[in-house]
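Chain by chain, the residues:
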Amino acid sequence: MIAFVAGKLITKIKMPSILGWLIVGMILGPHAVKLIPQGVLDAVWYKTLIMWMQCAFGVMLGSELIWSKLKTSGKALIITTLTQSLGAFAVVALAFGIVFYFTNIPVYLAFVFGGIALATAPAPALSIVKEFHAKGPVTNTLLPMTILDDIVGISVFFTVNSLIARIVSGGAIPLYMIPVMIFLPIMIGMIVGLPTGLLLKRCKNKCTNLTVLLCGITVTMVTGWIINTYLLSGITLNYMLMGVSFSAVFSNMVTPLQLDHINNYFAPILGVCLLAAIVDLGAPLDYHLILGAGLYTFIYITARAFGKYFGARAGAKLTHMPDTVGKYLGLTLLPHSGVSLVFTGIICSTLASAPELVQIVQGTIAAAAIINEFIAVIAAKKGFELAGEIS
């Protein structure tokens, strides 16, 4: 409730609510006023609840992966998505790789930052489109790109996460387990998503739609937990990815109108899950680390912005998109906080055996999420203005 109020207050200065949630999580956590102590964060019931919420959060991403929309995105859009996403990954990983090489920090950690940097939070830019009624080539490119960006970001990040898991385990994880860690959560979600979609097609009212959806999320989470606990002990599967694939399957089975209704029914629950997930990510963050992560934070924000902007510009030029797309699309892709914080929580679980590396990642990304979001929202709005798509 405190985080909800903080989110509402921060929107008064035209900033996304997620910043308020993160700040409140840090304040309530074990490093500040301790209303959410470490004992709660480590409790089994709490971790189980967060797993369910991560799965539910994935439903938001998966419902955007509609095949009919992806087919019409076009070659130009796909190429530009790859250049801006992989551009951010390459520039950030290279920058941190050089720094870590000379500071005796494991160089593989650079790929962690590169994997997190791919993520683009669409909500700030899309809220600007809605608020100012933006129209034009940049807007038309950005909207479907947010969907494709999710696919690329999730694929690259979980590949990096699996490789890092093998490294930090000292090679204990067999090589064949890397694709298992990527594709098993997808398969679990798809298997549960298919009967859920068949049931949803028969549902005619809000109550039954919502009941089937919540049961589907629960079955997905429990199935993943059983497999993770009893068959893959010592390896952590990703519950958000289960939710993404679960949602993507049933979203392509129901009609667009019914999907809109389902998303509207689920929106309040999703809002609570998102809020709780961000407060959970903020709670273990030590604000002392944020104050001490200046150099890494600067490198991260600068390298990511460079990769996103010039990657988008290169892709637009290669595919002969309008000049305004090449010049200003990259500015609308800078918002970052939401998905980056979720990815941070996942990678920190993978790095749990190396707490000194966890501190570097948490401190850097937490600071970047706050600082970058202020810069990115202003830059995104300016990008639409310079493109002549809002007055």
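Here goes a summary of the coordinates provided. Quantities reported herein were computed from a predicted structural model and do not represent experimental measurements.

Tracing the backbone shows Thr48 in helix α4 (residues 44–62). Thr48 sits in the partly exposed class, given a relative accessible area of 30%. Sequence spacing of Thr48 and Met221 is 173 residues, and the spatial spacing of their C-alpha atoms is 9.0 Å.

Here the focus is the state of the cysteines. Enumeration according to the criterion identifies 0 disulfides in this entry. Of all cysteine sulfurs in the structure, the one in Cys273 sits closest to Cys55, which takes part in no disulfide; the separation is 9.7 Å. Between Cys207, a free cysteine, and Cys203, which holds the nearest cysteine sulfur, the sulfur-to-sulfur gap is 9.6 Å.

A few words on the nonpolar core. Considering soluble globular proteins, one finds that nonpolar side chains tend to be buried as a cluster. Membership of the largest hydrophobic core comes to 101 residues, with the highest contact counts inside it found for Leu109, Phe113 and Val361. The element contributing the most residues to this core is helix α13 (residues 256–282), with 11 residues. Contacts of Phe113, omitting those with residues within four sequence positions, involve Val92, Phe96, Phe100, Tyr300, Ile360, Val361, Thr364 and Ile365. Among the nonpolar cores identified, the runner-up in size contains 19 residues, and Leu77, Met321, Leu329 and Leu333 belong to it.

What follows is about α4. Taking 1.5 Å per residue, 19 residues should reach 27 Å; α4 reaches 27 Å between its end C-alpha atoms and fits that length. Burial in α4 covers these residues: Tyr46, Ile50, Met51, Trp52, Met53, Cys55, Ala56, Phe57, Gly58, Val59, Leu61 and Gly62.

Let's shift gears to the environment of Tyr239. Along the chain, Tyr239 falls in helix α12 (residues 239–251). Leave out the neighbours within four places in its chain, and Tyr239 touches Met51, Gln54, Cys55, Met221, Gly224, Trp225 and Asn228. Among the polar contacts made by the side chain of Tyr239, one reaches the main-chain amide nitrogen of Trp225 at a distance of 3.5 Å.

With that settled, consider the pattern of salt bridges. Applying the stated rule across the entire model yields 2 salt bridges. For Lys308, the salt bridge identified is with Asp149, shortest N-O distance 3.7 Å. You can see Lys308 sitting in helix α15 (residues 294–318) and its partner Asp149 sitting in helix α9 (residues 137–168), a full 159 residues away along the chain. With respect to class, Lys308 is no different from Asp149; both count as buried. The residue Lys382 makes a salt bridge to Glu385 at a minimum N-O spacing of 3.8 Å. Here Lys382 and its partner Glu385 are both found in helix α18 (residues 355–386), 3 residues apart, which amounts to about one turn of the helix. Under the relative-accessibility criterion, Lys382 is labelled partly exposed at 43%.

In the Ramachandran plot, Asn104 falls in the positive-phi region, its phi being about 60 degrees despite a non-glycine side chain. Its location among the elements puts Asn104 in the loop between α6 (74–102) and α7 (109–117). Judged by its relative accessible area of 75%, Asn104 is exposed. Backbone geometry at His320 places phi at a positive 60 degrees, although glycine is not the residue there. Here His320 is to be found in the loop between α15 and α16 (323–332).

With that settled, the discussion passes to a nonpolar patch on the surface. Together, Leu94, Ile98, Tyr101, Phe102, Val107 and Phe111 give the surface a local cluster of nonpolar side chains, amounting to about 670 Å² of exposed area. By residue number, the principal contributor to the nonpolar patch is α6, which donates 4 residues. A relative accessible area of 35% means that Val107 is categorised as partly exposed.

One pass over the full model with this rule turns up 15 aromatic pairs. For the ring pair Phe96 and Tyr296, a centre distance of 6.2 Å and an interplane angle of 55 degrees mean the geometry is tilted. With Phe96 in helix α6 and Tyr296 in helix α15, this pair connects stretches of sequence that are 200 residues apart. With a relative accessible area of 0%, Phe96 lands in the buried category. Owing to a relative accessible area of 17%, Tyr296 belongs among the buried residues under this scheme. Aromatic ring contacts, followed pair by pair, group Phe96, Phe100, Phe113, Tyr296 and Tyr300 into a single cluster.

Definitions and limits used
- Residues numbered from 1 in each chain as written.
- Predicted model: local features only at pLDDT ≥ 70, side-chain atom pairs only at ≥ 80, totals over all residues.
- Heavy atoms only, no water.
- Helix = DSSP H or I, 4+ residues; strand = E, 2+ residues; numbered from the N terminus.
- Buried < 20%, exposed > 50% of the residue type's maximum accessible area, 1.4 Å probe, protein only.
- Disulfide = S-S within 2.5 Å.
- Core = buried A, V, L, I, M, F, W, Y, C linked by side-chain atoms within 4.5 Å.
- Contact = heavy atoms within 4.5 Å.
- Expected span 1.5 Å × (residues − 1).
- Polar contact = N/O pair within 3.5 Å; in protein donor to acceptor, adjacent residues only side chain to side chain.
- Salt bridge = Lys/Arg side-chain N within 4 Å of Asp/Glu carboxyl O.
- Patch = residues over 30% accessible without salt bridge, like charges linked within 9 Å, V, L, I, M, F, W, Y side chains within 5 Å.
- Areas by Shrake-Rupley, 256 points an atom, 1.4 Å probe, with all protein chains shown as cover.
- Phe/Tyr/Trp six-rings, centres within 6.5 Å; stacked < 30°, edge-to-face > 60°.

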